Amino acid sequence: MIEAEELPELNRPIVIAAFEGWNDAGEAATTVISHLAQVWGAEPVAAIDPDDYYDFQVNRPRISTVEGERRVTWPTTRILLARQTGLGHDVLLIQGIEPSMRWRSFVIELLGLAHEVDAEILVLLGALLADVPHTRPCPVMVTSEDRRLAHRYDLEPSTYDGHVGIVGVVADAAHQSDLPTLSCWVSVPHYAGGHTSPKAALALLSRVEELLDLALPHGELEELARAWERGVDELSGSDEEIAEYVQALEEAQDTAEHPQASGDAIAKEFERYLRRREDDNR
């Protein structure tokens, strides 16, 4: 059950959500939610009862001292409200943890809240490990099953077939319930995915800015992204096998993004050049 304060009347609300766990490689997606909560001064307004959905041996509670008192904080999914966004919309931010059980009930509760506040759009954030080089911009893929959104942003529906995390389940249920939804996924280099990746978070944040047509302060993310890349440079530089692998990924990505620069394309262009010279000399 969602434990919520009495929500004020919201202005054309947008919901943005990310979930810790399988959907959050390099903690990139949840880092974006935390960043948005900070820059917008979002305040918590609701939380899901953790007893219904979490295995506390997997997601353990934490104990800490708060204002001189020892308190236990239970892992759960929280909803924060941001009103000073500069968007002309209020925003509900979902700081989620992928549930351990009862996924369908969990999704019904979250989407019930979104429909209750008459949300205009749901933006889901995810991050996955992929064969991409850390030296290039982290690719961000945006998909939507909603025809109007797909046309507006020139998007394709997802072609992924396979196992999904809670982000995929929420996206499917939102589409079935006629809630317009965008799914934004950033690719994180799998050989550097064991730590928080601020570079991937920054790429995802930048894509959200484009979608919402809004410039946001990036705070420490830009410097943290540069520091992360330097750290992975040192890692790859100390291991010849990783260095060769990174170089192969760079060449593959550069060729995919600029096919005119591939070896075959260059060879064909050189052949055309030679033929033109032969024609000119006849």
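The structure we're discussing is the one just above.
Source: prediction; values computed, not measured.

To continue, consider the pairing of strand β7 (residues 91-97). For β7, the tally of buried residues reaches six of seven residues, placing the bulk of the element in the interior. Direction of pairing for strand β2 (residues 14-20) relative to β7: parallel, over a ladder of seven bridges. When the sheet's bridge partners are listed, Ile-14 is paired in β7 with Val-91. Pairing between strand β6 (residues 78-82) and β7: five bridges, direction antiparallel. By the bridge assignment, Leu-80 is partnered in β7 with Leu-93.

Scanning the model with the defined rule gives four aromatic pairs in all. With a centroid separation of 4.9 Å and an interplanar angle of 55°, the aromatic rings of Phe-56 and Trp-74 are classed as tilted. One end of the pair, Phe-56, is in the loop between β3 (43-48) and β4 (62-66); the other, Trp-74, is in the loop between β5 (69-73) and β6, with 18 residues separating them in the sequence. Among the residues examined, Trp-74 registers a relative accessible area of 42% and is labelled partly exposed. Each ring, one from Tyr-191 and one from Tyr-245, has its centre 6.1 Å from the other, and the planes form 80°; the classification is edge-to-face. Residue Tyr-191 is located in the loop between β10 (181-189) and α5 (198-212), and its partner Tyr-245 is located in helix α7 (residues 240-257); the two are separated by 54 residues in the primary sequence. By relative accessible area, which is 17% here, Tyr-191 ends up buried. You can call Tyr-245 partly exposed: its relative accessible area is 29%. Each residue in the set Phe-19, Tyr-53 and Phe-106 is aromatic and connected to the rest through ring pairs, giving one cluster.

On to the environment of Pro-189. Along the polypeptide, Pro-189 turns up in strand β10. Residue Pro-189 is classed as buried on the basis of its relative accessible area, which comes to 0%. On a C-alpha basis, the gap between Pro-189 and Gly-41 in space is 31 Å, while along the polypeptide they are 148 residues apart. If near-sequence neighbours (up to four positions away) are discounted, Pro-189 is found in contact with Leu-129, Ala-130, Val-132, Pro-133, His-134 and Trp-228.

Residues Ile-16, Trp-40, Leu-93 and Leu-125 are the most contacted members of the largest nonpolar core, which totals 44 residues. Considering each element in turn, this core owes the most residues, nine residues, to α5. Here Leu-125 is in contact with Ile-16, Ala-17, Ala-18, Ala-29, Val-32, Ile-33, Val-167, Cys-184, Leu-204 and Val-208, once residues within four sequence places are set aside.

One pass over the structure, following the stated rule, counts 10 salt bridges. Between Arg-12 and Glu-120 there is a salt bridge; the shortest N-O distance is 3.0 Å. Placement of Arg-12 in the loop between β1 (2-4) and β2 and of Glu-120 in the loop between α2 (103-116) and β8 (121-130) is noted, with a sequence separation of 108 residues between them. Residue classification places Arg-12 among the partly exposed positions, given a relative accessible area of 43%. Residue class for Glu-120 comes out partly exposed when judged on its relative accessible area of 36%. In this structure, the salt-bridge partner of Glu-223 is Arg-226, at a minimum N-O distance of 3.1 Å. Of the two residues, Glu-223 and Arg-226 are both situated in helix α6 (residues 221-237); the distance of three residues between them amounts to about one turn of the helix. For Arg-226, a relative accessible area of 43% translates into the label partly exposed. Beyond isolated ion pairs, a larger network of salt bridges with shared partners links Arg-136, Glu-250 and Asp-254.

Cut-offs used in this document
For every chain, the first residue of the written sequence is number 1, and numbering continues from 1 along that sequence. Owing to the predicted nature of the model, reporting of local features is limited to residues with pLDDT of at least 70; listing and counting of side-chain atom pairs is limited to 80 or more, with chain, interface and lining totals taken over all residues. Water and hydrogen atoms were dropped before computing side-chain values, which therefore reflect all heavy atoms in the structure. When a residue's accessible area, from a 1.4 Å probe over protein chains only, is under 20% of the maximum for its type it is buried; when over 50% it is exposed; and in between it is partly exposed. The helix and strand labels rest on DSSP assignments: H or I over at least four residues marks a helix, E over at least two residues marks a strand, and numbering proceeds from the N terminus. The pairing criterion is simple: DSSP has to find at least two bridges between the two strands. Aromatic rings from Phe, Tyr and Trp, taking only the six-membered ring of Trp, are treated as a pair when their centres fall within 6.5 Å; an angle between ring planes under 30 degrees marks them as stacked, one over 60 as edge-to-face, and anything in between as tilted. Should any heavy atoms of two residues lie within 4.5 Å, those residues are counted as being in contact. In this text, buried Ala, Val, Leu, Ile, Met, Phe, Trp, Tyr and Cys residues form a nonpolar core when linked through side-chain atoms within 4.5 Å. Salt bridges, as used here, are contacts in which a Lys or Arg side-chain nitrogen is within 4 Å of a carboxyl oxygen on Asp or Glu.

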